[in-house]
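# Commentary on secondary and tertiary structure
One-letter residues, chain by chain:
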Amino acid sequence: MSTELTHTCSRCRGYKLDTNYALCPVCDVKWKEIKNPLFLCLCQYGHSRSVCLARVLHSKKQQAIAAGVGTCGEWIAPLCRRADMILILETSFKKHVPGVEQWKVVDFHVGPDRWVNPYNQELNAILKAMVEQKLKL
Ligand SMILES: [Zn+2]
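My aim in this report is to walk through the structure given alongside it, one point at a time. Keep in mind the model is a prediction, meaning the values are calculated, not measured.

Attention now goes to the nonpolar core. Within the largest apolar cluster, 32 residues are counted, with the highest numbers of intra-cluster contacts made by Leu 40, Cys 41, Leu 42, Leu 53, Ile 86 and Leu 87. Those elements that place two or more of their residues in this core are strand E3 (38-43), helix H2 (49-59), strand E4 (63-68), helix H3 (76-82), strand E5 (85-88) and helix H4 (121-135). Here this core takes six residues from H2, the largest share from any one element. Once residues within four sequence positions are removed from consideration, Leu 53 is found in contact with Cys 41, Leu 87, Leu 89, Phe 108 and Leu 127.

In any sheet, the strands associate via hydrogen bonds between backbone groups, in a parallel or an antiparallel arrangement. The strand order across the open sheet formed by four strands is E4-E3-E5-E6, and the pairing between neighbours is parallel. Sheet topology places E4 and strand E6 (105-107) at the edges, where each strand pairs with a single neighbour. Pairwise comparison of adjacent strand axes, ignoring direction, gives a mean angle of 25 degrees for this sheet. Both E3 and E5 contribute to a ladder of four bridges, which runs parallel. Bridged to Leu 40 within E5 is Ile 86. Lying on the sheet, H2 is in contact with E3, E4 and E5; it crosses E4 at an angle near 180 degrees.

About the cut-offs
- Residues numbered from 1 in each chain as written.
- Predicted model: local features only at pLDDT ≥ 70, side-chain atom pairs only at ≥ 80, totals over all residues.
- Core = buried A, V, L, I, M, F, W, Y, C linked by C-beta atoms within 7 Å.
- Buried ≥ 20, exposed ≤ 12 C-beta atoms within 10 Å, placed from the backbone.
- Helix = DSSP H or I, 4+ residues; strand = E, 2+ residues; numbered from the N terminus.
- Contact = placed C-beta atoms within 7 Å.
- Pairing = 2+ DSSP bridges.
- Axes fitted to C-alpha atoms, helices over the stretch in contact; angles between N-to-C directions.

Written out as structure tokens, the structure is:
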């Protein structure tokens, strides 16, 4: 079992972790202190992957909205500004998040949309496990 600290906190990038848990203890405490945090889930069109992730968060009594980087136009900036955490369904979508908001990004990479359905049970199981692992919800 390796104890090498190879993963960086996905929020502050300033803390090395020995697992791929997305947030360091410092950031974890900070966001859990936010009352009713708003999660913004970003995928390509806001039809399938981000909706599925928002549904998982809703099932855990969290406030979450789904949007697509290719469909929300200039609303991406105000949405990212308002969100407390930005969950991206593909690593490459980070470039669509304004620079000043990128510290809020947590990577929920599941690859290209091969489910095309926010109610897909396989996708739901993948994202439920990621939420539990990365956000400890
Ligand atoms: Zn951190």
